[in-house]
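The chain contents come next:
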Amino acid sequence: MADEKTGGEDAAAPEATRTLADLKQLVEGAAVGGSAGAVAGDDLAGPVLPKIDDLGRAYATGKRKNAIARVWIKPGAGRITVNGREFVTYFARPVLRMIINQPFETAQRKDQFDVNCTVLGGGLSGQAGAVRHGISRALLNYEPSLRPVLKAGGFLTRDSRVVERKKYGKAKARRSFQFSKR
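Residues numbered from 1 in each chain as written. Predicted model: local features only at pLDDT ≥ 70, side-chain atom pairs only at ≥ 80, totals over all residues. Heavy atoms only, no water.

Trainee: Explain the overall build of the protein chain to me, using residue names and the numbers behind them.
Mentor: Secondary structure summary: the protein chain contains six helices and five strands in total. Counted from the first residue to the last, the protein chain has its helices and strands arranged as α-α-β-β-β-β-α-α-β-α-α. Expressed as a percentage of its 182 residues, the buried residues of the protein chain come to 27%. A total accessible area of about 12500 Å² is found for the protein chain, and carbon and sulfur atoms account for 56% of it. (Helix = DSSP H or I, 4+ residues; strand = E, 2+ residues; numbered from the N terminus. Buried < 20%, exposed > 50% of the residue type's maximum accessible area, 1.4 Å probe, protein only. Areas by Shrake-Rupley, 256 points an atom, 1.4 Å probe, with all protein chains shown as cover.)

Trainee: Lay out the sheet that holds strand 4 (residues 85-86) in plain terms, naming residues and giving numbers.
Mentor: One open sheet accounts for five strands, arranged 1-2-5-3-4; its pairing is mixed. At either end of the open sheet lies a strand with only one pairing partner, and these are strand 1 (58-64) and strand 4. As defined by bridge partners, strand 1 adjoins strand 2 (residues 67-75) across seven bridges and the pair is classed as antiparallel. Residue pairing in the sheet places Ala 58 in a bridge with Ile 73 of strand 2. This element, helix 5 (residues 124-142), spans strand 1, strand 2 and strand 5 (113-120) of the sheet and lies at about 150° to strand 1. (Pairing = 2+ DSSP bridges. Contact = heavy atoms within 4.5 Å. Axes fitted to C-alpha atoms, helices over the stretch in contact; angles between N-to-C directions.)

Trainee: Explain the packing of aromatic side chains to me, using residue names and the numbers behind them.
Mentor: Taken as a whole, this structure holds four aromatic pairs when the rule is applied. Look at Phe 104 and Phe 113: their rings are 6.4 Å apart centre to centre, the planes differ by 20°, and that puts the pair in the stacked class. With relative accessibility at 4%, the residue Phe 104 sits in the buried group. Take Phe 113: its relative accessible area is 6%, and that puts it in the buried class. An angle of 80° between the planes, with centres 5.2 Å apart, marks the rings of Phe 113 and Tyr 142 as edge-to-face. Of this pair, Phe 113 sits in strand 5 while Tyr 142 sits in helix 5, placing them 29 residues apart in sequence. (Phe/Tyr/Trp six-rings, centres within 6.5 Å; stacked < 30°, edge-to-face > 60°.)

Trainee: Give a description of helix 4 (residues 94-106) that names residues and reports values.
Mentor: Between its terminal C-alpha atoms helix 4 stretches 18 Å, which fits the 18 Å expected from 13 residues at 1.5 Å a residue. By the largest-angle criterion, Ile 100 marks the main kink of helix 4, which is about 40°, and a proline, Pro 103, follows within four residues. Taken together, the buried positions of helix 4 are occupied by Leu 96, Ile 99, Ile 100, Asn 101, Pro 103 and Phe 104. In this structure, the buried side of helix 4 is in contact with strand 3 (80-82), helix 3 (87-90), strand 5, helix 5 and helix 6 (147-153). Where helix 4 ends, the next residue or the one after it, Gln 108, has phi of about 55°, a positive value. (Expected span 1.5 Å × (residues − 1). Bend = angle between axes of the 7 residues up to and from the residue.)

Trainee: Got a sec to walk through the environment of Gly 78? Specific residues and values, please.
Mentor: The topology assignment puts Gly 78 in the loop between strand 2 and strand 3. Judged by relative accessible area, which is 23%, Gly 78 ranks as partly exposed. Gly 78 sits 26 residues away from Phe 104 along the chain, and the two C-alpha atoms are 9.6 Å apart. In this structure, Gly 78 is in contact with Asp 111, Phe 113 and Asp 114, ignoring residues within four places of it in sequence.

Trainee: Describe unusual backbone geometry, with residues and values.
Mentor: The phi torsion at Asn 83 lies on the positive side, around 50°, for a residue other than glycine. Tracing the backbone shows Asn 83 in the loop between strand 3 and strand 4. Within the chain, Gln 108 stands out as a residue other than glycine whose phi angle is a positive 55°. Positionally, Gln 108 belongs in the loop between helix 4 and strand 5.

Trainee: So what's going on with helix 5? Which residues, and what values?
Mentor: The end-to-end C-alpha separation of helix 5 is 26 Å, in line with the 27 Å expected for 19 residues at 1.5 Å each. Within helix 5, 14 of the 19 residues are buried, which leaves it mostly tucked inside the rest of the structure.

Take it as geometry only, folks, not as evidence of what the structure does.
Laid out in structure tokens, this is it:
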């Protein structure tokens, strides 16, 4: 039995060495065929590639409060469609339209992309924030080099603030009922 164990151990050790050597050859082969960054070991994942579908669109999901927006962008004249309507009629307040256009202005891509999105849940303010988040993520999928600009503007971070729940014995989340002396 001791011979079988040592035989098994001896057989396992060269096998492990062979697989590590094979792995090293694979990495070296990929480095020769890949970029110079992979040779230095700085960037093993490689460059980030755009995620574009067969129709030339980039997709992303944006969220804010209880609103969820599904956003598709493609090169175009800057038309934004929300739930089948122009965004000027859907978001009547100028502040909401400004919120939606922020990622394009920050990335200096104003009027270069057509946006088609469907948004559901929440109110208009939350929906505008969800569309902005979705546009930012879709821009990142279409053009990964915009990541530093969009990240610095805070457009890639989901705004996690939601309405605080109502508590028992209170009129709202923190508001007490009016005090009556008599």
